[in-house]
Amino acid sequence: MKNNSLLRLENVSKQFGGLHAVEDVSFSLNEKEILGLIGPNGAGKTTCFNMISGALKPTAGKVFFKGIRIDGLPIHEIASMGIGRTFQIVRPFYSLTALENIQAALGIEKYQSKFQFWQKWDSQNTKKVALEILEKVGLADFAHYKAGLLPLGNLRRLEIARALALKPELLLLDESFSGLRQEETNKLSELILQIKESGVGILLIEHNMRVAMGLSDRMVVLDHGKLIASGTPEKVKNDPNVIEAYLGKGEKKYVAS
Amino acid sequence: MDLFIEQLMNGLAIGAIYALITSGLSLIYGILRILHVAHAGIYTIGAYVGLSVYSITGNLLFAILASMAVCSVFGILVERIVYSPLLKFPAYVPLIASIALLLGIEEVMRLIAGPQIHGFPVSLPISTIKVANISLSSALVMVYIVSIVIFFVLWIITSKTDLGLAMRAVSQDMSIASAMGINSKQIVSLTFAIGSSVAAIAGILVGIYFNQVYPTMGAVPAYKTLALIVVGGLGSVPGAILASLLLGIAETLLIGYANIPFPRDALAFVAMILVLMIRPEGLLGNIRKKI
Amino acid sequence: MDSYIITIGIFIAINSIVVSGLNIIVGYAGQISLGHAAFFGIGAYTAAILATKAGLSFWISLPIVIIITGIIGLLMGLPSLRVREDFLAITTIGINFIVEAFFMYVPFFGGALGIGGIPRIEFFGTPLHGFTFLLLCLVFLVIALFISWWFTKAWCGLACFTLRDDEIAASTIGVSPVKFKLLAFVMGTAMAGIGGALYAHYMRFISASDFGFPVSVMMLSMLVVGGMGTVWGPILGAAILGILPEVFRPLIDYRMLLYATLLLLVIRLQPGGILGDNGFVKSRLKAFSRGGKNEK
């Protein structure tokens, strides 16, 4: 059993009443790796995310981050351990500017402290660091715009930037590409690859199959809460179970291009 | 023992009146998720209009109907002019508006009718009814009969009619209901109309039962009924009714009969805090608390 | 200075302090509190009891007032802050009624008669009243404003702003909602307690009905009218709602109606308050200046 993976789910299940949203799912993710989590609608992908980030507690199974068990811990504690996440429906701090959104995230250590949170937040240093992060995602020009006024493409990048400000070792990206134009999709893909290169592990939920296959080093496929396939994109693409899950029975002979 | 039963009957009547006010409030909360404190103001208006029309015509039924009509219109106006534009703001914004509205209504009533307590003398066919050894005033019987009828009608509307179905759909998700072809705006207004009519009836009943109509008669019910919809379970009309009946009995027996030195009006809030700590979804609640 | 003006000044000053506390809870942290008067009352009664029954001087009882009000705020805040918005509104209303009932019925607090004979505050032997008392209140007001201002500059303030905007997103950047909501709540209630102590020593007689729900509504109105989430909003609101009744004194019979109408109009037309983001003042300022970094 490999114990040096960055993230590991062990027999994780989540039940809502009688509904098994996630059933006995196990997979792991390593550093500097992009793992694509795919599956048809309702497969349980976001539920998995929520169990990793702390929004939900698994009904069974364990979640390990850097060897430490994190299932059941509160969201803010998991965040402070080095996991950042974005949301499918963006959640900016709309009354703050883009720069302030990032500065807010830079306070992560201060928020955990007993008294340090009384210190000033708007220092030259945090401004500088925040601006650098905005530059990395290409939003430096929008630094002083109120986040509530930015268009969707920018907000998605802002979410990623905000998660990056936490200096995470694991980044959870929830459908970051949905609703984006082709050009924005390309730019975002580039950015994500850069993030990976800088040493961050990335878990990606994505519906855009071409993007998911293109970015992922490995993939994990869920259907009806169960893990039905895992491996390289090439292997997963041709896996008959995966094809059946997406296209229905009788399509096993059809190979997606 | 007889005293106990009399007090029990009394408590039940008070509970029934609370239930009338609270059920309208519950319907309105269910559909717009706002705390319509001004509902107690409409209840006050109902009492005054009922009293005025009765004084002029001498016909109680007509007074009730006129009051229901006036209050429905007023309720719809409040919904359209005050609440609807404020829905996108945090919850305390419409709440403050509602509180200001209640205060305004109290003041207008005071300026128009004067601060004194008006009686509501109604000549009913029979003055007291004796059952076993217990004498029940006809006002009390009237409260029972009217409440039962109203609850029955509400039940029919909400569970057996298309309107009720539409109301439930809109209260679950307004945009989806609209997408399904339901005229959500109309349903919301109708809900206010129904709730306000029931409040009007409650106002008149209170006026007759206690023989008191005065400008601040809504002040205590305004907040007590809020506590009651929490105890009963936000969004549940049966829960609201049950909680109201229980409170009416508890207030009358615990404090009136057993003489426990506890402020009667605070009982509802203590019950509410207990419910929030032990069983936040309320007695019969069906709206899940946010994580 | 005319003693009438001084009296009004004292009321505005005390209210500003209390409402500044409310501002931290509602304006900065985005929580609802419709029971703030309860903590005003707890501060007042604590000060009154310490002065009349324990004979302590104001200066010694002040830290005790702050601690007690803060602890009760903590105890009440803990269950309240985990519930949904509208639950919270009702819970704080309930707290107000229960605290008021407590002061009214527990004999130790004087019951319906309240507590009287509260001594004046002494500063190095000189009793403060009138103008000197106003000065004292202003000193506390300046401190309250400073704390308010500092809060917006500190990480804890920023954390509260994120909670206000989006609690879930705030969690994901490491902000513990319970910790920071509680912090805001305790700070706000402690400030109300200080205001209460000043009030007790000024009025020299207090009773439970001074701290009922309508007072909470008045405090929230001041905050709303002046501008939530701004440092000066509480003062502006306290001033407007403090002076208006005097301005309308000839129309005394219509005062409450005018207050209700004003409140309704402000909340309906300018929910952010006069100093708030879309409020009257800022939009006039925007009309004058073009650009400016927060305009786009």
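What you are looking at is a predicted structure, and each value in this text was computed from that prediction instead of being measured. Residue positions are given per chain, counting from 1 as you read along its sequence in written order. Key to labels: chains lettered from A, ligands numbered from 1, both in the order written. Confidence filtering applies because this is a predicted model: local features only for residues at pLDDT of at least 70, side-chain atom pairs given and counted only at 80 or more, and all residues used for totals across whole chains, interfaces and linings.

Draft legend 1. Focus on the overall build of chain B. Each helix corresponds to a stretch of at least 4 residues labelled H or I by DSSP, and each strand to a stretch of at least 2 residues labelled E; elements are numbered beginning at the N terminus. A count of helical and extended segments in chain B gives eleven helices and two strands. Reading chain B from its N terminus to its C terminus gives the helix and strand order α-α-α-α-β-β-α-α-α-α-α-α-α. C-alpha atoms define the radius of gyration in this analysis, and the globule rule sets the expected value at 2.2 Å times the number of residues to the power 0.38. Against the globule reference of 19 Å for 291 residues, chain B gives a C-alpha radius of gyration of 19 Å, in line with a compact fold. Based on the C-alpha atoms only, the size of chain B along its principal axes is roughly 60 × 45 × 35 Å. Buried residues are those with 20 or more other C-beta atoms within 10 Å of their own C-beta, exposed residues have 12 or fewer, and partly exposed residues lie in between; C-beta atoms are placed from the backbone. Sorting the 291 residues of chain B into buried and exposed places 51% on the buried side. Considering only contacts in chain B between residues 6 or more positions apart, those separated by 24 or more positions represent 77%. What counts as a contact is two residues whose backbone-derived C-beta atoms lie within 7 Å of each other.

Draft legend 2. Focus on the overall build of chain C. In terms of helices and strands, chain C carries twelve helices and four strands. Compactness check: chain C gives a C-alpha radius of gyration of 19 Å against a globular reference of 19 Å for 296 residues, within 12% of the reference. Referenced to the eigenvectors of the C-alpha coordinate spread, the extents of chain C come out at roughly 60 × 45 × 40 Å.

Draft legend 3. Layout of the confidence of the model for chain C. All names here are of chain C. Confidence of the predictor in every single residue is expressed as pLDDT, which spans 0 to 100. Predicted confidence across chain C gives a mean pLDDT of 86, with 91% of residues reaching 70 or more. pLDDT under 50 marks residues 290-296. Its contacts with residues more than four places away, or in other chains, come to six contacts. Overall fold confidence for the complex sits at a pTM of 0.85, while the interface term, ipTM, reaches 0.88.

Draft legend 4. Inspection of the interface of chain B and chain C at higher detail. Taken together, the 36 residues of chain B in the interface contact 30 residues of chain C. With 13 residues, helix 4 (residues 92-113) of chain B is the largest single contributor of residues to the side of chain B that touches chain C. In this classification, the charged set is Asp, Glu, Lys and Arg, the nonpolar set is Ala, Val, Leu, Ile, Met, Phe, Trp, Tyr, Cys and Pro, and all remaining amino acids, among them Gly, are polar. Taken together, the residues that form the side of chain B that touches chain C break down as 31 nonpolar, one polar and four charged.

Draft legend 5. Spatial organisation of the interface of chain C and chain A. Each partner contributes residues to the interface: chain C has 21 residues there, and chain A has 31 residues. Per element, the largest residue contribution to the side of chain C that touches chain A is seven residues, and it comes from helix 6 (residues 155-165) of chain C.

Draft legend 6. The arrangement of the sheet that holds strand 10 (residues 226-231) of chain A in detail. Residues and elements named next belong to chain A. Strand pairing is assigned whenever DSSP detects at least two bridges linking the two strands. With respect to topology, six strands assemble into an open sheet ordered 6-7-8-3-9-10, the strand pairing being mixed. What marks the edges here is a single partner per strand, and that holds for strand 6 (83-85) and strand 10. If you compare each strand with its neighbour and ignore which way they point, the axes differ by 15° on average. With four bridges joining them, strand 3 (residues 34-38) and strand 9 (residues 218-223) adopt parallel strand pairing. By the bridge assignment for strand 9, Ile38 is matched with Val221. For helices, the fitted axis covers only the stretch in contact; all axes are lines through C-alpha atoms, and the angles between them, taken along N-to-C directions, range from 0 to 180 degrees.

Draft legend 7. Quick peek at the sheet that holds strand 1 (residues 7-16) of chain A. In spatial order, the strands read 2-1-4-5 (chain A); together these four strands make up an open sheet with antiparallel pairing. Of all the strands in the sheet, just strand 2 (19-29) and strand 5 (68-69) of chain A have a single pairing partner and so form its edges.

Draft legend 8. Main features of the arrangement of the chains. Counting contacts across all two pairs of chains that touch, the top pair turns out to be chains B and C. Of all C-alpha pairs spanning chain A and chain B, none lies closer than 9 Å, and the two are not in contact.

Draft legend 9. Inspection of unusual backbone geometry at higher detail. Phi at A:Lys167 takes a positive value of approximately 50°, unusual for a residue other than glycine. Look at A:Lys167 and you get partly exposed, because 14 C-beta atoms sit within 10 Å. Positive phi, normally seen in glycine, also occurs at C:Phe124, with a value near 50°. Summarising the element assignment, C:Phe124 is placed in the loop between strand 2 (122-123) and strand 3 (126-127).

Draft legend 10. Seen up close, the environment of C:Phe151. Residues and elements named next belong to chain C. By secondary structure assignment, the location of Phe151 is in helix 5 (residues 131-153). Note on Phe151: 22 C-beta atoms within 10 Å, which makes it buried. Taking the C-alpha atoms as reference points, Phe151 and Gly30, separated by 121 residues in sequence, lie 14 Å from one another. Not counting chain neighbours up to four residues away, the residues in contact with Phe151 comprise Ile24, Tyr28, Cys156 and Gly157.

Draft legend 11. Focus on the nonpolar core. Core analysis: the largest hydrophobic core is formed by 287 residues, its most contacted members being B:Ile17, B:Ile96 and B:Val230. Sequence-distant contacts of B:Ile17, that is, excluding residues within four places in its chain, are made with B:Val143, B:Ala202, B:Leu205 and B:Val206. A set of buried residues drawn from Ala, Val, Leu, Ile, Met, Phe, Trp, Tyr and Cys, joined through C-beta atoms within 7 Å, is what defines a nonpolar core.

Draft legend 12. Main features of the packing of helix 9 (residues 219-232) of chain B against helix 11 (residues 267-278) of chain B. Residue and element names in this part refer to chain B. Between helix 9 and helix 11, the least distance of the axes is 9 Å, while the angle of their chain directions is 30°. The angle between helix 9 and helix 11 places the two elements in the roughly parallel class. Crossing angle aside, the handedness with which helix 9 passes helix 11 is left-handed. Facing helix 9, whose interface residues are Lys224, Ala227, Leu228, Val230 and Val231, helix 11 presents Ala268, Phe269, Ala271, Met272, Val275 and Leu276. The class makeup of the residues in the contact of helix 9 with helix 11 is ten nonpolar, no polar and one charged. Just so you know how the angles are binned, under 35 degrees is roughly parallel, over 145 roughly antiparallel, 65 to 115 roughly perpendicular, and the rest oblique. Each helix crossing is assigned a hand: it is left-handed if the near helix lies turned anticlockwise from the far helix by less than a right angle, otherwise right-handed if that turn is clockwise.

Draft legend 13. Geometry of the pairing of strand 7 (residues 170-174) of chain A. Residue and element names in this part refer to chain A. The buried fraction of strand 7 is high, at five of five residues. The alternating pattern of strand 7 places Leu170, Leu172 and Asp174 and Leu171 and Leu173 on opposite faces, both of which are buried. Taken together, the three bridges between strand 6 and strand 7 define a ladder with parallel strand orientation. Bridging from a neighbouring strand, Gly84 pairs with Leu171 of strand 7. Bridge analysis of strand 7 against strand 8 (residues 201-205) gives five bridges, and the strand direction is parallel.

Draft legend 14. Inspection of the packing of helix 4 of chain B against helix 11 (residues 255-269) of chain C at higher detail. Here helix 4 of chain B crosses helix 11 of chain C at 155°, and the two axes come no closer than 8 Å. One way to sum up the angle between helix 4 of chain B and helix 11 of chain C is to call them roughly antiparallel. Here the hand of the crossing between helix 4 of chain B and helix 11 of chain C comes out left-handed. Contact residues: B:Val93, B:Ile96, B:Ala97, B:Ala100, B:Leu101, B:Leu103, B:Gly104, B:Glu107, B:Val108 and B:Leu111 in helix 4 of chain B; C:Met256, C:Leu257, C:Ala260, C:Thr261, C:Leu263, C:Leu264, C:Ile267 and C:Arg268 in helix 11 of chain C.

Draft legend 15. Fine view of the environment of A:Gly18. For A:Gly18, the position within the fold is in the loop between strand 1 and strand 2. Overall, the presence of 5 C-beta atoms within 10 Å leaves A:Gly18 in the exposed class.

Draft legend 16. Inspection of helix 6 (residues 152-164) of chain A at higher detail. Residue and element names in this part refer to chain A. Look at helix 6: 18 Å from first C-alpha to last across 13 residues, which is about the 18 Å you get at 1.5 Å a residue. For helix 6, a buried count of eleven out of 13 residues is recorded, marking the element as mostly surrounded by other parts of the structure. For helix 6, the elements touching its buried residues are strand 6, helix 3 (98-106), helix 5 (124-136), strand 7 and helix 7 (182-197). A helix is expected to span 1.5 Å for every residue after the first.

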